[in-house]
Amino acid sequence: MGNQPKGGSSTSSLHNSMLQDVFGSDFVTKSVLCSYKRSFDGFVVELTEEEARKMAGMSGVVSVFPNEKRNLHTTRSWDFMGFSERVERATSESDVIIGVLDTGIWPESESFNDKGLGPTPSKWKGICQTENNFTCNNKIIGAQYYRSDGLFGSDDIISPRDSNGHGTHTASTAAGGLVNRANLFGLGLGTARGGVPSARIAVYKICWSDGCSDADILAAFDDAIADGVDIISLSVGSRIPGDYFNDSIAIGAFHAMRNGVLTVNSAGNEGPNRATITNFSPWSLSVAASTIDRKFFTKVKLGNNMIYEGVSVNAFDLNNEMYPIIHGGNAPNSTGNFTWASSRFCLQNSLDPNLVKGKIVLCDILSTGRAPFLAGAVGAVMQDQVATDFAISFPLPASYLDLVDGSKIFIYLNSTSNPTATIFKSNEGNDTMAPYVASFSSRGPNPITPDILKPDLSAPGVDILAAWSLVSPVSEIKGDNRFVPFNIISGTSMSCPHVSAAAAYVKSFHPTWSPAAIKSSLMTTASPMSSGINLDAEFAFGSGHVNPIKAVNPGLIYDSEEVDYIKILCGQGYGTRFLRLVTGDNTTCSEATNGTVWDLNYPSFALFTSASETATRVFNRTVTNVGSAMSIYRANVTAPTGNLKIRVNPSVLSFTSLGQKLSFALIIEGTTDISIVSASLEWDDGVHKVRSPIIVFVSIS
C-alpha cells in the first residue's frame, strides 16, 4: 500500500493496467472490488495463491496479502481518571474531529445530541450516507459504510447504522455528550459522557456480523485521512501479529501519520500471555485495558443459606425465589449424542431442555450462557479458573465464581436430594486495588520489534457504561429481548476511545502538534502503575495510566517525523525500492539513514538481551521544550540494585527558549538474570516531571 501515483495517471487505470500486465487477456475476469485513491494507493481483487505470488513480484507492488477478517477488540471512568466535567476546555475542542472506525453508530442516542454545537468545521470534507433512515447532525458530522465484497448478513443494516452496539459504545466514550441518569437497569447510574463532549464524530463502518475485513479497513483509512479527521480511533485487531506492511491497520496508520493524523489502537484481548499484542506499529498508539474502582458482584444463595459472591453484570431480579439447581453434567442432551463430558461445560446444544427448564444450571466453564438460556434454564452459575477482574452480561440470571466457591456449590448439589438456589441482582462494590491491567488485555513485548515497548499506555477498559444500539441485546445473544440505550461491557476496545479522547483533548490545546508529539505528551505524563499487581510490568501497562490533564502541559516532548520511522525500517531490512513504493518519494536507505531501533525518538526505552551476555546499549534521544522558555531539567533514573547500570549523558538539560531541542543519551550496561527489570527516567525542572519507562528483558514469551 504505497503513496498516491505521480504523473497524472488515474489510480483506476493504473490498477487495471497492472492486472492486464499480469493476466493478459484474462484480466477482464479480475474485476477490482475496491480501489484506494484519496490518501494512498492500493486495490482489492480476487486472486488465486499463484496469481497473488505473481503480482507480489511485480515492479511497483509493496505487498499482497489476504483480505482477512479482524475482530472487535463511562459514567465512572472519566471521574476515576481525575478528568471531571469541569476540567479546562479549549475553545477549539469543537473543531477536533475523531474518526471512529467500528461497527457504525446509533445516531438517535442521546449521547449524540448536537444541542449547543455550532456548524461543522470548515476543514471537513467527508460525506453522510443516509441509507435506511440514517441522519447526521453537528455531532455526527459524517458517516460512511464499507463492504468491498457486497455480501451482507441477515442481521446487517446496510447503512452506517450500528446493529452491534460496539461502535456506538466506543464513539460515545470518546466524544459523546453529557447524559444524566444513564444506567443499565439501575446499574452504573450516573452521568454518561465522552472525554471531549464538544468534539465531532466521523463514522466509518467497517465491521459487520462476520467481522471487519482488511479491504474495508483500508478504504476507511483512505477516506478518513482525506476527509480531515484529527484522530483515528480503531478498536479492532487480529488475533495473530503480522509484519507492519502485511497489516492493514499498520499500513493505514502509517499513511495517517504521514498526513498528521494520530491512530489510537486497542492492544487486543488475548492476554494475559506475553507477546499477544497485535496492534504495535511504532507510528500508532497502542492501549491496554485497566480497571476502575467500580466492580460488579453477583451473589448466589443456596438452599442451605450459604451465600457465595461471584462476578457478572446481572440486571435480572429473581425476587429471592429459590429454584432447583442441577449440575450440567447431570443433564446431557442424550438425543443429540451429548454426554456428561460435554454437558458439564454447558456447551452449545449439550443440555437436555427437559432436565434444565425452570432450573439453575451449574456449569464447569465460563461461557456466554447461551446454551443454558436456549435450553430454558432460569439461571446459570459458572465456575472456572479465569480471572474475576471483569464482569459479563449474560442472557439469563448468572454469576461467575472461582473454583473454590464453585466446588462448594457442587458439593452442596450432591449432598441433598432437593438442592435449590437463587441468584441476586448485581451490586456495585469498590475495587481499592484499581487501576491495574485486566487479565484479558494483550501483553507485550512487541513481537516484530521487541526493542520498541508496547503497549504504550493503559486506560479504563473494564465494566464501562456507554451508549448502545437499540437493536442489539444487552448480552449480544439472540433471544435476549432486553434492548437498552446504555450498556456495560469490557475490553481494550473500551480503553482505546478513552485515549483517543485524551489525544483529541491535547490536540484542542495544541492543534499544530504532530501525532508523535501528542503521543509523547500522553506517555510521559501517564501515572505510574504497579508491577506488584501486574507482574508483566510495562508489558502490561506501557508508560502507565493515561492522565489527560497533565498531558496538555508535558514540559518536554519526544517528537518524530516520517523520516524517523523510515530510518528504523531501513535498519530492519526494508530496502530502498520497497520504501519508495510506500512513501511515493525518493526515500533512500543508505548508511546515513540506516537507523537503529534504539535511536528512534520514542518516549520509552526497551532492551531485549540475553542472561548470558553483558549488555551495552546506547539510546539516543532528542527532547523539545514546550514548557517554560528558561528551564533546567535534571535527570533522575530509578532502577533496582544489581549488576545492571543505567546512566544519562548529559544529566542536565538547560533550555533558553520554547521549541528548543536538546539531545541526550541513555546508556544501559551490565548483566541481569531477572526476566524483567523495570526502571524509569524522569526529567524534572521543578514544575514538570517528564517520565519514561525503561524495561530490560531476557525472554519474549
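Below is a short write-up of the structure. All values derive from a computational prediction rather than experimental measurement.

The rules behind each value
Residues numbered from 1 in each chain as written. Predicted model: local features only at pLDDT ≥ 70, side-chain atom pairs only at ≥ 80, totals over all residues. Heavy atoms only, no water. Disulfide = S-S within 2.5 Å. Buried < 20%, exposed > 50% of the residue type's maximum accessible area, 1.4 Å probe, protein only. Salt bridge = Lys/Arg side-chain N within 4 Å of Asp/Glu carboxyl O. Helix = DSSP H or I, 4+ residues; strand = E, 2+ residues; numbered from the N terminus. Arc of directions from axis to C-beta. Polar contact = N/O pair within 3.5 Å; in protein donor to acceptor, adjacent residues only side chain to side chain. Axes fitted to C-alpha atoms, helices over the stretch in contact; angles between N-to-C directions. Parallel < 35°, antiparallel > 145°, perpendicular 65-115°, else oblique. Left-handed = near helix turned anticlockwise from the far one by under 90°. Contact = heavy atoms within 4.5 Å. Pairing = 2+ DSSP bridges.

What follows concerns the state of the cysteines. This structure, assessed with the given rule, holds four disulfides. Shown here is the disulfide that connects Cys 128 with Cys 136, its sulfur atoms set 2.1 Å apart. Taking the sign of the torsion about the S-S bond as the criterion, the disulfide between Cys 128 and Cys 136, at about 90°, is right-handed. When its relative accessible area of 24% is taken as the criterion, Cys 136 is described as partly exposed. Covalent S-S linkage joins Cys 207 and Cys 212, the inter-sulfur distance amounting to 2.1 Å. As the torsion about the S-S bond is roughly 105°, the Cys 207-Cys 212 disulfide counts as right-handed. The disulfide pattern of the protein is 1-2, 3-4, 5-6, 7-8 when the bonded cysteines are numbered in sequence order. For the unlinked cysteine Cys 496, the closest cysteine sulfur is that of Cys 207, found at 12 Å. Classification of Cys 496 by relative accessible area gives buried; the value is 0%.

Oppositely charged side chains can form a pair if their charged atoms are brought close together. Summed over all chains, the structure comprises 18 salt bridges. The partner of Asp 293 in a salt bridge is Arg 76, with the nearest N and O atoms 2.8 Å apart. Separated by 217 residues along the polypeptide, Asp 293 in the loop between β14 (285-290) and β15 (294-302) and Arg 76 in the loop between β3 (69-72) and α3 (77-80) bring together distant segments of the chain. Note on Asp 293: relative accessible area 16%, which makes it buried. Each of Arg 147, Asp 149 and Asp 210 takes part in one network of salt bridges that share partners.

Of all the residues in helix α10 (residues 403-413), the buried ones are Asp 405, Gly 406, Ile 409, Tyr 412 and Leu 413. Down the axis of α10, the buried side of the element spans an arc of 115°, and every buried residue falls inside it. Turned more than 90 degrees away from the buried face of α10, the exposed residues are Val 404 and Ile 411. With a side-chain oxygen positioned 3.2 Å from the backbone nitrogen of Val 404, the residue opening α10 is Asp 402.

Time to look at the environment of Ala 226. Here Ala 226 lies in helix α5 (residues 214-227). For the pair formed by Ala 226 and Trp 124, sequence separation is 102 residues and the distance between their alpha carbons is 9.1 Å.

Our next topic: the packing of helix α4 (residues 166-175) against helix α11 (residues 492-509). Here α4 crosses α11 at 30°, and the two axes come no closer than 8 Å. Classed by the angle they form, the pair α4 and α11 counts as roughly parallel. When the axes of α4 and α11 are compared, the crossing they make is right-handed. In this structure, α4 contributes His 166, His 169, Thr 170, Thr 173 and Ala 174 to the contact, and α11 contributes Ser 493, Met 494, Pro 497, His 498 and Ala 501.

Spatially, the four strands line up as an open sheet ordered β26-β28-β32-β30, and their pairing is antiparallel. Strands with a single pairing partner mark the edges of an open sheet, and in this sheet they are β26 (556-557) and β30 (644-649). Here six bridges tie β30 to strand β32 (residues 661-670), and the two strands are oriented antiparallel to one another. Looking at β32, one finds that Asn 649 is bridged to Ala 665.

Looking now at unusual backbone geometry. Here Gly 271 and Pro 272 are connected by a cis peptide whose omega angle stands at 10°. With respect to the secondary-structure elements, Pro 272 resides in the loop between β13 (262-266) and β14. Even without being a glycine, Arg 181 presents a positive backbone phi close to 55°. The residue Arg 181 is located in strand β6 (residues 179-184) in this model. Although it is not a glycine, Asn 305 sits at a positive phi angle of roughly 75°. Here Asn 305 shows up in the loop between β15 and β16 (307-311). Judged by its relative accessible area of 55%, Asn 305 is exposed.

Right, let's talk about the environment of Ser 407 for a bit. Tracing the backbone shows Ser 407 in helix α10. Classification of Ser 407 as partly exposed rests on a relative accessible area of 30%. Along the chain, Ser 407 and Phe 134 lie 273 residues apart, while their C-alpha atoms are 51 Å from each other.

Below, the discussion takes up the pairing of strand β25 (residues 486-489). Across the two faces of β25 the burial is the same, with Phe 486 and Ile 488 and Asn 487 and Ile 489 all buried. Judged from the four bridges that link them, strand β24 (residues 464-467) and β25 form a sheet pairing that is antiparallel. Paired with Ile 464 across the strands is Ile 489, a residue of β25.

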